[in-house]
Amino acid sequence: MIKNYLKLAWRSIIKRKFYSILNISGLAIAIGCGILIYLYTSYQLSFDRYHKHPENIFRVVYELHFERTEYDKGSSIAAYDALRVDSTYVQQAAVSVNNQSFIVNVNGDVNKRFKEDQNIAFTNSAWFKMFSYNWLEGNASQLDQPNTAALTQTQAKKYFGDADAVGHTLEINGQRVKVIGVLADAPYNTDLKSDIYLSFLSIKNLQPKIEPTFYTDWGYLNRTNSLFVSLTNPAQKATVEQQLTTLTKQRLGAGALNYYHFKLLPLSDMHFDMRYAGKVQKPLLVMLVIIGLLIIIIAGINYINLVIAGQTRRSVEIGTRKILGGSTGQLFSQFMIESLLNVLIAIVVAVVGVILVLPTVNQLLFDGNPVHILSYSQMVLFLAIILVVITIGTGIYPALLLSRANIFQALKNNVLNVKAGVSRRALVLLQNVVAQVLIISTIIIVMQVRFLKNTDTGFDRKFVVMVPVGDVPQTQKDLLRQRLQSIPGVQSLTFCSKGPSSDSQRGATMKFADRGWEKWPARFAIGDSAYMHTFGLHLLAGRNIRSNTPIPEYVANQTMVKMLHLKSYDEILGKKLEIDGKGIIVGVVKDFNVRSLLEPIEPSIILENQYLQQNVAIKLSGSKSETALAAIQKEYLHTFPDQVFSYHFIDDEIADLYKTQSLQQKLIWMASGIAVFISSLGLLGLISIITLHRTKEIGIRKVLGASVTQISMLLSKDFLVIVLVAMFISSPVAWWIMHKWLEGFAYRVEVQWWIFAVAGVLAIAIAFITVSLQSVKAALANPVDSLRNE
Amino acid sequence: MLSLKNISKYYKAGNLKTSILNNINLDVDAGEFVSIMGPSGSGKSTLLNIIGMLDEPTDGYHYFLNQPIHQLKEKQRQALYKENIGFVFQAYHLIDELTVYENIETPLLYHNIKSDERKALVADMLDRFQIVGKKDLFPSQLSGGQQQLVGIARALIVSPKLLLADEPTGNLNSKQGDEIMELFKKLNKEEGMTIIQVTHSEKNAEYGSRIINLLDGTVESSKNV
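Position labels on residues start from 1 in each chain and follow its written sequence. Lettering of chains starts at A and numbering of ligands starts at 1, both following the order in which they are written. At least 70 in pLDDT is required for a residue's local features to be given in this predicted model, at least 80 for side-chain atom pairs to be given and counted, and no such filter applies to totals for whole chains, interfaces and linings, which use all residues.

## Quick notes on the overall build of chain B
Here's step 1: Helix and strand counts for chain B stand at seven helices and ten strands.
Here's step 2: Since a compact globule built from 225 residues should have a radius of gyration of about 17 Å, the 18 Å found for chain B is in line with a globular shape.
Here's step 3: Across its three principal axes, chain B shows a C-alpha extent of roughly 55 × 40 × 35 Å.
Here's step 4: Exposure classes come from backbone-placed C-beta atoms, where a residue is buried if 20 or more other C-beta atoms lie within 10 Å of its own, exposed if 12 or fewer do, and partly exposed in between. Here chain B holds 225 residues, and the buried ones make up 42% of them.
Here's step 5: For chain B, long-range pairs separated by at least 24 residues make up 68% of all intrachain contacts whose partners lie at least 6 apart in sequence. Counting from the N terminus, the helices are the DSSP runs of H or I reaching at least four residues and the strands are the DSSP runs of E reaching at least two. A radius of gyration in this sense is built from C-alpha atoms; the matching globule rule multiplies 2.2 Å by the number of residues raised to 0.38. Working definition of a contact: two residues with C-beta atoms, positioned from the backbone, lying within 7 Å.

Structure follows, in structure tokens:
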């Protein structure tokens, strides 16, 4: 019997190709989206969940309470030492000084030189006790000796090829470091990933310039210091936090408690807490899941509508089967099996589609953080659940309706006359509301992201290229400057710490003139006297800073003047300022964005700090930048023969700041595109079925003299009304959602009425075109054909 | 076999009462071939539907194989017609997605008959109607007469005691119609099948053993041929 049903279902799918394609493609697209969203969210949620007892592991982070609260994931080595020995509730403490960059000479061979950027960590065996790594060779205890290193498999291969890495040496910063172990490459789903692990005790040898306070000062908080503790019981979080407060008071004095607040961040939140450099916002995941559900619901509604409407054509078949002895139950199973088959085909199409588009999606959306399928068994389970839920969700109502039909009515070909009309309209309305909310959101998000990327940040960022040079003597910097300035196409250059608009800028509170310490910090823009010129900043009063003056010189921005409650620029010029050092303010610069546009402009000063000026920013004239870059590389390697040249454009760096918003923009684009497309499929299916039902009426009207336009209008009117009603419902909903979203930006676009109008016109146009495809065809048909039967 | 006593059927729409059948009395014995005739709207199709238990009378008593149909529940009625009545329609009502073979097999599936037995029964039936060569064709590939032949084969496969036919030749040309009527006559004569058909055609009616004329919902005349 089942075989018979399947055969029948298959034939009926094949026979009604048009409806089957509408039905299945709509569902398949929606299921495909569902699968992608499932892959993405489950991948993100799996981050660092594979360690032993992840629920017991916490990261030590801190809040800095000034006028605004600042959050940082870093910690101090002193805190590590204290927690390691001093706590009853802390089972273990582990620290890693990560994101280090070095130049590595393999076996001391200058020709095998690699620049390792941010993928080196200093740590010790405690780290490997707390977190799960797979040691292929050697063991973690050897990392407690100075000048030892463990490499990941890939890194070992990069350095030593197929030879055994253990026992070989690396030369880093003039020091020989012995490879004592090889680790399996870390899984994709971890944020605790480095390629080279150097022993913690090597820091003293490899970074001789590091101050002694780095190890002892409780307040030497560094973003790259990752401090983790594992507790005997997660419930003791608050107790340990209290302990940290007590320790802070002991080490830094009671006054520090006003500013420093140490917290424990659960490992499971680390990937999601954007305050502490999380990678993905939980709300984004929630938004995605909601979008996924909405799309599946839209497609499900379509499916139900199309099945009910389409199956009425099988009215006679239903009646005949009943007469031939088919029971309600048997007919019900027949229709359910048809649904099952349809959904199954949709799932197969969706899976094939997802496999085909996943690389593209990864590239387009999740560049740098691609989605990986972690577990195929879970995926199969997910698909099975989808199959059952969608089959039941979409199959039951039509199957019940059809199988219960009265034989007599069925044979007369009117199983469902207009009965399903009201609910069908409601379903189409719901679909349109969802689609229109998405259209409006898309327009606003696209505008906002474009605004963020293009807004005048108060400085010139076109053709500025940033080249890291590291901590080199001033004489070499001067040499490089001379050589670079001689390159045609180089307009100006500055040794600086970072460009303006960066997500992590140093800052400090200050003492202005004779006043006490201010309650708010000022941001630093660290660079030499050419900084303002290179970035095109405008001086409003006073003069630029000079290099190497006995007393440090500062240039303040307009906001700083405002925050100090000064009436004119003259009041700030020549005044003392104690901040990084003790210096004087020599100029005022027009406001520019030191951080990203997500933040309002902050009080900032431009100052010199030779040690931190480890990059050179070069302003190119624009044309022939390729040749200029090649020349820069040549001069760079001429000056620093043992370095590796690398560069990036400031513009790209700024685009990186808005990655999350970019991703949201792309996602919402796709979501609304898909929602609109599926809704249109639904409209198309419905209108064609309705047209079919009204064939006779259309024929009669034509015989009575109705024009093609009149008949098209007759058929389209209902749908256009629905789209209009949807407009009135979706506009306020979308307005509210977008209003909330925009609140997250210091700089934002205005939500204007025309956006809603555009969305409405778009929705009507799409609906009208879709509906016209069928209604015009119906209106053009020859009435003789439609009136011949019956 | 079948007995209708004072059967009436009417619809009420507001105060207006539309009568379709009015006080019909009819007895049919096993082995009879009854033709019901009458102009459009005389109620002949409704009468056939009531006999086939697809429709219920508003008033009256209905006995089939000595069972009081008017007292039976829906389920029991269904079981009764499923076992004993075969239907043939003017528009054939074959299932488009099924082949000739599968169309004939469908009632057997609903009667939970085992696969081997189904094969034998369908093969017999194909043989008997000489449509073995057409068994894998779909209805749309057949002529009207051939489709009706399949319709009849399908009705007969479960060996009903009574065959009901609503204008079985209405969609056929006269040659095809004659062939179907000959088949009915043969079934009636040789196998003793009880048949009740509704027809417009005087000529077709003559194939039967009794002709009943309906007019405005009442039996106008009943004569044996």
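## As for the overall build of chain A
Here's step 1: The helix and strand tally for chain A stands at 25 helices and 23 strands.
Here's step 2: In terms of principal-axis extent, the alpha carbons of chain A reach across some 105 × 65 × 55 Å.
Here's step 3: Among the 790 residues that make up chain A, the fraction classed as buried is 40%.
Here's step 4: Pairs at least 24 apart in sequence give 82% of the contacts found in chain A among residues at least 6 apart.

## As for the sheet that holds strand 2 (residues 16–28) of chain B
Residue and element names in this part refer to chain B.
Here's step 1: Paired strands, in this sense, are two strands between which DSSP finds at least two bridges. In space, the four strands of this open sheet follow the order 2-1-4-5, with antiparallel pairing throughout. Every other strand in the sheet has two partners, leaving strand 2 and strand 5 (67–68) as the edge strands with one partner each.
Here's step 2: Where strand 1 (residues 2–13) and strand 4 (residues 59–64) come together, five bridges link them in antiparallel fashion. Its bridge partner lying in strand 4, Lys-5 is registered against Tyr-61.

## Details of the nonpolar core
Residues and elements named next belong to chain A.
Here's step 1: By size, the foremost hydrophobic cluster in this structure holds 150 residues, and its most contacted members are Ala-30, Ile-295 and Ala-675.
Here's step 2: Here the element with the most residues in this core is helix 2 (residues 17–45); it accounts for 15 residues.
Here's step 3: Residue ranges assigned to the domains are those given by an automatic or database domain assignment. Taken together, domain 1 (1–47 + 279–419) and domain 3 (430–455 + 655–790) each give at least three residues to this core, which thus spans both.
Here's step 4: Beyond its immediate sequence surroundings of up to four residues, Ala-675 is in contact with Leu-294, Ile-295, Ile-298, Val-434, Ala-435 and Leu-438.
Here's step 5: If you look at the next biggest cluster of nonpolar residues, it comprises 60 residues, including Ile-77, Trp-127, Ile-172 and Leu-267. Linking buried Ala, Val, Leu, Ile, Met, Phe, Trp, Tyr and Cys residues through C-beta atoms within 7 Å yields a set, and such a set is a nonpolar core.

## Observations concerning the sheet that holds strand 12 (residues 464–468) of chain A
Residue and element names in this part refer to chain A.
Here's step 1: Ordered by their spatial adjacency, four strands build an open sheet running 13-22-12-23, and the pairing between neighbours is antiparallel. Because the sheet does not close on itself, it has two edges, and the strands there are strand 13 (490–496) and strand 23 (648–649).
Here's step 2: Each axis is a line fitted through C-alpha atoms, taken for helices only over the stretch in contact, and angles between the N-to-C directions span 0 to 180 degrees. Helix 16 (residues 474–485) rests against strand 13 and strand 22 (615–620) of the sheet, and its axis sits at about 165 degrees to strand 13.

## Observations regarding the pairing of strand 3 (residues 90–106) of chain A
All names here are of chain A.
Here's step 1: Strand direction decides the pairing type here: strand 3 and strand 10 (residues 225–231), joined by seven bridges, are antiparallel. By the bridge assignment for strand 10, Val-97 is matched with Asn-225.
Here's step 2: Here strand 3 runs beside strand 4 (residues 113–123); their pairing, made up of seven bridges, is antiparallel. When the bridges of strand 4 are listed, Val-104 appears paired with Phe-114.
Here's step 3: Hairpin geometry of strand 3 and strand 4 is characterised by an intervening segment of six residues between the two adjacent antiparallel strands and by a positive phi of about 55 degrees at Asn-107.
Here's step 4: Inspection of the sheet shows strand 3 paired to strand 7 (residues 169–172) by three bridges, in the antiparallel sense. Residue Val-104 lies in a different strand from strand 7, and its bridge partner there is Ile-172.

## Here we look at the confidence of the model for chain B
Here's step 1: Per residue, pLDDT captures the predictor's confidence, and it can take any value from 0 to 100. Mean pLDDT for chain B: 90, with 100% of residues reaching 70 or above.
Here's step 2: Interface scoring of the predicted complex returns ipTM 0.82; its pTM is 0.76.

## Digging into the packing of helix 2 of chain A against helix 12 (residues 328–364) of chain A
Residues and elements named next belong to chain A.
Here's step 1: Direction vectors running N to C along helix 2 and helix 12 enclose 50 degrees, while the axes themselves pass 7 Å from each other. As the angle between them shows, helix 2 and helix 12 are arranged oblique. The way helix 2 lies across helix 12 gives a crossing that is right-handed. In contact with Asn-23, Ile-24, Leu-27, Ala-28, Ile-31, Gly-32, Ile-35 and Leu-36 of helix 2, helix 12 contributes Asn-342, Val-343, Ile-345, Ala-346, Ile-347, Val-349, Ala-350, Val-351, Gly-353, Val-354 and Val-361. Roughly parallel refers to an angle under 35 degrees, roughly antiparallel to one over 145, roughly perpendicular to one between 65 and 115, and oblique to any angle outside these ranges. In this scheme the handedness of a crossing depends on how the near helix is turned from the far one: anticlockwise by less than a right angle means left-handed, clockwise means right-handed.

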